[in-house]
Each structure stands twice: as structure tokens, then as C-alpha cells.
Amino acid sequence: MNADQLQGKWKQVKGSVKERWGKLTDDDIDVINGKHDQLVGKIQEKYGIARDAAQKQVDEWNTEVESHHMDTDRVRKAS
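Residues numbered from 1 in each chain as written. Predicted model: local features only at pLDDT ≥ 70, side-chain atom pairs only at ≥ 80, totals over all residues. Heavy atoms only, no water.

1. Concerning the overall build of the protein
Part 1 of the argument: For the protein, the count of helices and strands is 5 helices and 0 strands.
Part 2 of the argument: In sequence order, the secondary structure elements of the protein are arranged as α-α-α-α-α.
Part 3 of the argument: Looking at the protein as a whole, 27% of its 79 residues qualify as buried.
Part 4 of the argument: Sequence separation of at least 24 residues holds for 40% of the intrachain contacts in the protein that already meet a minimum separation of 6.
Part 5 of the argument: For the protein, the computed accessible surface area is about 5200 Å², with 46% contributed by carbon and sulfur atoms. (Helix = DSSP H or I, 4+ residues; strand = E, 2+ residues; numbered from the N terminus. Buried < 20%, exposed > 50% of the residue type's maximum accessible area, 1.4 Å probe, protein only. Contact = heavy atoms within 4.5 Å. Areas by Shrake-Rupley, 256 points an atom, 1.4 Å probe, with all protein chains shown as cover.)

Structure below.
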């Protein structure tokens with residue numbers, strides 16, 4: 001999911017963000033508002049990790065979310 005897709009699907013995936021990064025508050029989620037750089041920065045800040053480590057976590061999460069959405073789409077099409 002690229003940055004534009006993240007922003008467009010933010011309402012759908014923000015629960016997944018909170019599940020993955022529990023230290024993020026509702027206020028953090030509101031500030032991020034689907035902005036990729038904001039997500040990476042907040043993870044870096046809250047978890048005290050390097051930016052590249054935060055970026056890697058977001059990339060891995062993106063892959064999981066995309067895979068889940070593709071699986072969901074396949075099930076819908078099969079129905």
C-alpha cells in the first residue's frame with residue numbers, strides 16, 4: 001500500500017495500526033490521519049527506535065494488510 005492508498009484507507013486500517021502499535025494513542029492516530037511519514041515518526045517516537053527500524057515495521061505491516069485485503073477480496077468474488 002503506497003502513501004496515497006494508506007491515506008485513502010485510513011479509516012479501515014487504523015484499528016490494525018492500534019493493534020500492532022499499542023503505544024499509539026487515539027490522539028496519535030488522529031494526528032497521523034493516514035500520513036505515512038507521520039506513522040513512521042510516531043512509531044519512532046513512541047518506541048524509541050531508529051527511523052529505519054520504524055520504516056521496516058511499517059513496511060512489514062503494509063505487506064500484511066495488503067495480503068489480508070487481497071484474501072478478503074478473493075472470498076468476496078468467490079461468493
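2. Quick look at unusual backbone geometry
Part 1 of the argument: Its identity is not glycine, yet Asn33 carries a phi of approximately 45°, on the positive side.
Part 2 of the argument: Examined against the element boundaries, Asn33 turns out to sit in the loop between helix 3 (26–32) and helix 4 (36–47).

3. Quick look at the pattern of salt bridges
Part 1 of the argument: For the structure shown, the criterion picks out 7 salt bridges.
Part 2 of the argument: Here Glu60 makes a salt bridge to Arg20, at a shortest N to O gap of 3.8 Å. Remark: Arg20 occurs in helix 2 (residues 10–20) and Glu60 occurs in helix 5 (residues 51–78); sequence separation between them is 40 residues.
Part 3 of the argument: Look at Glu60 and you get partly exposed, because its relative accessible area is 36%.
Part 4 of the argument: Judged by relative accessible area, which is 30%, Arg20 ranks as partly exposed.
Part 5 of the argument: With a closest N to O distance of 3.6 Å, Asp28 and Lys42 form a salt bridge. (Salt bridge = Lys/Arg side-chain N within 4 Å of Asp/Glu carboxyl O.)

4. Some points on helix 4
Part 1 of the argument: The terminal C-alpha atoms of helix 4, which comprises 12 residues, lie 17 Å apart, in line with the 16 Å expected from a rise of 1.5 Å per residue.
Part 2 of the argument: Of the residues flanking the end of helix 4, it is Gly48, one or two places downstream, whose phi is positive at about 60°. (Expected span 1.5 Å × (residues − 1).)

5. With respect to the nonpolar core
Part 1 of the argument: Counting 16 residues, the largest nonpolar core has Val17, Trp21, Leu24, Leu39 and Trp61 as its most contacted members.
Part 2 of the argument: When contributions to this core are tallied by element, the ones reaching two or more residues are helix 2, helix 3, helix 4 and helix 5.
Part 3 of the argument: In terms of residue count, helix 5 provides more of this core than any other element does, 4 residues in total.
Part 4 of the argument: Setting aside anything within four residues of it in sequence, one finds Trp61 in contact with Leu6, Val13, Ser16, Val17, Arg20, Trp21 and Leu39. (Core = buried A, V, L, I, M, F, W, Y, C linked by side-chain atoms within 4.5 Å.)

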